[in-house]
Amino acid sequence: MIVSTKELFEHAYGKYAVGAYNINNAEQIMGLFRGNLDSSAPFIVQLSKGARSYTDKRLLEAMIRAADEIFPSNIYAVHLDHGDEATCMDCIASGFYSSVMIDASGEDFDENIAITKRVVAAAHAKGIAVEAELGTLGGVEEHVSVSEENAHLTDPKEAEEFVRRSGCDSLACAFGTSHGAYKFAGSQGLHFEIIKGIQELLPGFPIVMHGSSSVPQDEVERINAAGGEMKGAKGVAEDQISQAAKMGVTKVNIDTDGRLVWCRVHREYFRDHPEVFDLRKPGEVFMDEYAKYIAHKNEVLGSAGKLEGVAQAARL
Ligand code: G3H
Ligand code: 13P
Ligand code: ZN
């Protein structure tokens, strides 16, 4: 059942984080729904702009609706990931999304607020929540000095002002992570002092962590052993994710790890079964493996086992 993102956040805040998983195709959707059911976890299914145009947004949305019938016990929200203003407006008008992310973090502070405010006005009129972004994720290089590096991270005081002026419902903040499979070039982990600073100035307000994939080293090794070239791939340590989840980080975005599972399964499958050309064979393995990954990740986030509590809180 699709619920509001706010309901999920209210139940989770300060106790655990809700996994927000990107999906692109039917196999990912099946693995995602099964893995969340197996671990009794509420979750967020998120669609990027690229995912919406990979096949067709109508196909992707229809597959989620079908999954809702196939897995009637699941409780989740549907979210637009990294939207621009036009895509946010499209998703708001569709009536299908629980929340949208307006990513105007590339604009200056005031312009980011102005754009976010317009999206908030349209979204709130329809009961849809808005995630905004402040700060610049990623690209922290080894040679960058500490002050330059920190200049990309979210300033807690600015975060407080941004939330107050924009009216957004959650905020993606930069505290050390980056998108993709090559994080922490400078070998630093999460900047907990920034998370703490934001939580102190915005108590009870959901912080969103992008770039949260852990890039499991066994996946990377298996991909490389099966012909891949992913030297130096690295992600967020799982104990750091668990710690952040107790500090107001309420939504944890994961895409890359799912791609790694897909890549490993398919590379190994065709290496080990050179005679096979049936796409359903590795597809079946992927759905199982992805479901296992999701169930494991929900243990790390603390969302595993929370399905019943969310249902009771939401009086479902
Ligand atoms: O943060 C970006 C997500 O990983 C989505 O990636 O735009 O390639 O679908 P994508
Ligand atoms: P990863 O690349 O670490 O999976 O992050 C995904 C993300 O932030 C989606 O918005
Ligand atoms: Zn992201």
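Residues numbered from 1 in each chain as written. Chains lettered and ligands numbered in written order. Predicted model: local features only at pLDDT ≥ 70, side-chain atom pairs only at ≥ 80, totals over all residues. Heavy atoms only, no water.

What follows covers the site of ligand 1. Around ligand 1, a shell composed of Asn 22, Ser 48, Asp 81, His 82, His 179, Asp 255 and Arg 259 is seen. Note that an oxygen atom of ligand 1 is positioned 3.2 Å from one of the side-chain N or O atoms of His 82. His 179 has a polar side-chain atom sitting 3.1 Å from an oxygen atom of ligand 1. Considered on its own, ligand 1 offers 300 Å² of accessible surface; in the complex 66% of this is hidden by protein. Split by residue class, the shell around ligand 1 holds no nonpolar, 4 polar and 3 charged. (Near = heavy atom within 4 Å. Polar contact = N/O pair within 3.5 Å; in protein donor to acceptor, adjacent residues only side chain to side chain. Areas by Shrake-Rupley, 256 points an atom, 1.4 Å probe, with all protein chains shown as cover. Nonpolar A, V, L, I, M, F, W, Y, C, P; charged D, E, K, R; others polar.)

The subject of this paragraph is the nonpolar core. In this structure, Tyr 21, Leu 32, Phe 33, Val 45, Ile 64, Leu 171 and Phe 175 are the most contacted members of the largest nonpolar core, which totals 70 residues. By residue number, the principal contributor to this core is helix α13 (residues 280-301), which donates 6 residues. (Core = buried A, V, L, I, M, F, W, Y, C linked by side-chain atoms within 4.5 Å. Buried < 20%, exposed > 50% of the residue type's maximum accessible area, 1.4 Å probe, protein only. Helix = DSSP H or I, 4+ residues; strand = E, 2+ residues; numbered from the N terminus.)

The phi dihedral of His 82 falls on the positive side, at around 50°, and the residue is not glycine. Along the chain, His 82 falls in strand β3 (residues 76-83). Of the residues examined, His 82 reaches a relative accessible area of 22% and is grouped as partly exposed. Within the chain, Val 215 stands out as a residue other than glycine whose phi angle is a positive 45°. Here Val 215 shows up in the loop between β7 (207-209) and α10 (217-225).

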